[in-house]
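Notes for the structure review
What follows is the residue order along each chain.
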Amino acid sequence: MRVSLRTALIVLAMSCAGLLLSGCSSAPSVTGVWSASDGSADKVIGDDGQCSGMYYANGSVLDIGGGETCTLGSKESDGTYPLVVRQPPNQETLEVTFDGDTMKFNSGGKQIVLTKR
């Protein structure tokens, strides 16, 4: 019984330390429908990571057909989050920032702003 309690306390302490180191913030949610500043079609990102309209090449949406997935990584030291967009065989990593209901990234020298609807 004591071993279980000790293990639980160690896990709790490690979890608390992890939260302190991460600034007690969780990653923003990318799930939803997003409208784009570049006039392209709405982007949709599902809870399961399936997405559409998110693959950009040189500042423009590129859709070669087939499914897309979007995976948001952990916050980087510069405040950006890596958003990995895959549409096999293509893959890109967008360095995105969040401000409320907006997500910003650069592609092909253009800043793209997505606003959650």
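Relevant structure appears above.
Below is a summary of the structure that appears in this document. (Residues numbered from 1 in each chain as written. Predicted model: local features only at pLDDT ≥ 70, side-chain atom pairs only at ≥ 80, totals over all residues. Heavy atoms only, no water.)

1. Points about the packing of aromatic side chains
Inspection of every chain in the model, using the stated rule, returns two aromatic pairs. On the numbers, 5.5 Å between centres and 80 degrees between planes, the contact of Tyr81 with Phe98 is edge-to-face. Of the two residues, Tyr81 sits in strand β7 (residues 81-87) while Phe98 sits in strand β8 (residues 90-99), which places them 17 residues apart along the sequence. (Phe/Tyr/Trp six-rings, centres within 6.5 Å; stacked < 30°, edge-to-face > 60°. Helix = DSSP H or I, 4+ residues; strand = E, 2+ residues; numbered from the N terminus.)

2. A word on unusual backbone geometry
In this structure, the amide linkage connecting Pro88 to the following residue, Pro89, adopts the cis form with an omega of 10 degrees. Here Pro89 shows up in the loop between β7 and β8. Look at Asn58: it is not a glycine, yet its phi comes out positive at around 55 degrees. Owing to a relative accessible area of 70%, Asn58 belongs among the exposed residues under this scheme. (Buried < 20%, exposed > 50% of the residue type's maximum accessible area, 1.4 Å probe, protein only.)

3. A short note on the sheet that holds strand β6 (residues 68-72)
Taken together, the eight strands give a closed barrel; going around it, the order is β1-β2-β3-β6-β7-β8-β9-β10, and neighbouring strands pair in antiparallel fashion. Across the sheet, the mean angle separating the axes of adjacent strands is 30 degrees when strand polarity is ignored. As paired elements, strand β1 (residues 32-36) and strand β2 (residues 43-45) share three bridges and run antiparallel to each other. In the strand pairing of β2, Gly32 is matched with Ile45. (Pairing = 2+ DSSP bridges. Axes fitted to C-alpha atoms, helices over the stretch in contact; angles between N-to-C directions.)

4. Notes on the state of the cysteines
Taken as a whole and assessed by the stated rule, the structure comprises one disulfide. Shown here is the disulfide that connects Cys51 with Cys70, its sulfur atoms set 2.2 Å apart. What sets the handedness of the Cys51 and Cys70 disulfide is the S-S torsion sign, and at about 85 degrees it is right-handed. With Cys51 in strand β3 (residues 50-52) and Cys70 in strand β6, the pair connects residues that are 19 residues apart, well separated along the chain. For the pair formed by Cys51 and Cys70, the shared burial category is buried. (Disulfide = S-S within 2.5 Å.)

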